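Working through the structure, step by step
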Amino acid sequence: RNWMIVGNLSKGVAAINGLFSVKCSVILTDAAMLQNSVVTNYSNTSWTVTSQVTSRVARWLNLAFEANIAKNSLSMGDGKLHSFNGAFSQALYCNLIPTKSLILRLKGEYYHNKLNKESSKNLFLADSEVIYSFNKGWEINISAKNIFNRNSYSYTLYDGLTTIYKEYGVRPLNIMVGVFFRF
């Protein structure tokens, strides 16, 4: 037996000149597996909630914040074997527009993975970009991605039921300069 529930809700909020949204998903599984002629029952529960708020705080400032939380649990047999992990992430986006010609973009992302009751793993990433528009369609931008120069994010989880290995390659510090012409 498997159940899946997914929902989205969003609402414009005039007081913040923005939008609030929530996305949810839940997956419930009760099943059995056959191994060496032995039937073993198991149940798995996974859920995720993501919320986002965007706002044009002022004519010169736009903000967006996103948070995501996820949990997963697996139980086997009579429930004595149990596995659990969770994740939390958040991101803040900021666009500063001090003049008609200048835009400063900042982005910060934080990731927290709960591997078990005793351990967790954290990661923070940051990017920035400056855009300057000249008269007659010329534009220059300078961006720095992965300002703290994190190269990878990895972890391994061993418990009574599962082994999880995750590794994410992260592009190293990258500084780019671009010149554009619009006609």
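Not measured: the values here are computed from a predicted model. (Residues numbered from 1 in each chain as written. Predicted model: local features only at pLDDT ≥ 70, side-chain atom pairs only at ≥ 80, totals over all residues. Heavy atoms only, no water.)

Some details on the nonpolar core
Most often, soluble globular proteins have nonpolar side chains that are buried together. If you look at the biggest cluster of nonpolar residues, it comprises 7 residues: Leu115, Leu123, Leu125, Tyr153, Tyr155, Leu157 and Val170. When residues of this core are traced back to their parent elements, those giving at least two are β7 (120–133) and β9 (152–158). The element best represented in this core is β9, accounting for 3 residues. Apart from residues no more than four positions distant in its own chain, valine 170 is found in contact with Leu125, Asn146, Arg150, Asn151, Ser152 and Tyr153. (Core = buried A, V, L, I, M, F, W, Y, C linked by side-chain atoms within 4.5 Å. Buried < 20%, exposed > 50% of the residue type's maximum accessible area, 1.4 Å probe, protein only. Helix = DSSP H or I, 4+ residues; strand = E, 2+ residues; numbered from the N terminus. Contact = heavy atoms within 4.5 Å.)

Regarding the environment of tryptophan 138
One can find tryptophan 138 in strand β8 (residues 138–145). Along the primary structure tryptophan 138 and valine 179 are separated by 41 residues, whereas in three dimensions their C-alpha atoms are 7.3 Å apart. Each residue touching tryptophan 138, except ones within four places of it in the same chain, is listed here: Tyr132, Ser133, Val179, Phe180 and Phe181.

Observations regarding the packing of aromatic side chains
Each aromatic ring pair is described using two quantities: the centre-to-centre distance and the angle formed by the ring planes. Under the defined criterion, the tally for this structure stands at 5 aromatic pairs. Residues tyrosine 132 and phenylalanine 134 carry aromatic rings whose centres are separated by 4.8 Å and whose planes lie at 70° to one another, so their mutual orientation is edge-to-face. Ring centres 6.1 Å apart and planes at 20° place the aromatic pair phenylalanine 181 and phenylalanine 183 in the stacked group. The rings of Trp138, Phe181 and Phe183 are connected pair by pair, giving a single aromatic cluster. (Phe/Tyr/Trp six-rings, centres within 6.5 Å; stacked < 30°, edge-to-face > 60°.)

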